[in-house]
Amino acid sequence: MAFSITVNTIRFSARIAVNDNVSNTTMMQSLRDLDPEGTRLDMCDGNVKGAFAMLVADKFHSMAEVHKDNSIEVTCRRFNLYNRKLPPLHTGDDENWSVRIISIKPSPSFEVKTLEQSA
């Protein structure tokens, strides 16, 4: 069954949809290959779908930050070229996709400054 999930991290917030053709076995294989220590699976309390979505979103965000492409489709194509161990992302054609990045944006950042004591 297809599902969508929201991933919120310190660096970004993302909404991801995963197609029916991605099974739990495929997600576990991707996690095994790309996160052998199991840190993402531990962070999600054993939720395979959550850990898989976090893995995809983290890799996508890192690639988007490095390459600064103009559109999400270009970044998705680049992602598919470099991440062959992950199911393909949606690139605009509705035929051969397994994961779709619905939205991704940086998390709000803030800065705390100390007030100088007035003399």
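Right above here is the structure, for reference.
Now for a look at the structure at hand.

How each quantity is defined
- Residues numbered from 1 in each chain as written.
- Predicted model: local features only at pLDDT ≥ 70, side-chain atom pairs only at ≥ 80, totals over all residues.
- Heavy atoms only, no water.
- Phe/Tyr/Trp six-rings, centres within 6.5 Å; stacked < 30°, edge-to-face > 60°.
- Helix = DSSP H or I, 4+ residues; strand = E, 2+ residues; numbered from the N terminus.
- Buried < 20%, exposed > 50% of the residue type's maximum accessible area, 1.4 Å probe, protein only.
- Salt bridge = Lys/Arg side-chain N within 4 Å of Asp/Glu carboxyl O.

**Here we look at the packing of aromatic side chains**
Part 1 of the reasoning: According to the stated counting rule, one finds 1 aromatic pair in the structure shown.
Part 2 of the reasoning: On the numbers, 6.1 Å between centres and 55° between planes, the contact of Phe 60 with Phe 79 is tilted. In this pair, Phe 60 is assigned in helix H3 (residues 48–67) and Phe 79 in helix H4 (residues 72–82), connecting sequence segments 19 residues apart. Of the two residues examined, Phe 60 and Phe 79, each falls in the buried class.

**Things to note about the pattern of salt bridges**
Part 1 of the reasoning: With the rule as written, the count across this model stands at 5 salt bridges.
Part 2 of the reasoning: Here Arg 40 and Asp 35 are joined by a salt bridge, their closest N and O atoms 4.0 Å apart. No difference in accessibility class separates Arg 40 from Asp 35, as the two residues are buried.
Part 3 of the reasoning: Arg 40 is paired through a salt bridge with Asp 58; the nearest N and O atoms lie 2.7 Å apart. One end of the pair, Arg 40, is in helix H2 (residues 39–43); the other, Asp 58, is in helix H3, with 18 residues separating them in the sequence.
Part 4 of the reasoning: Through salt bridges with shared partners, one network takes in Arg 11, Asp 35, Arg 40 and Asp 58.

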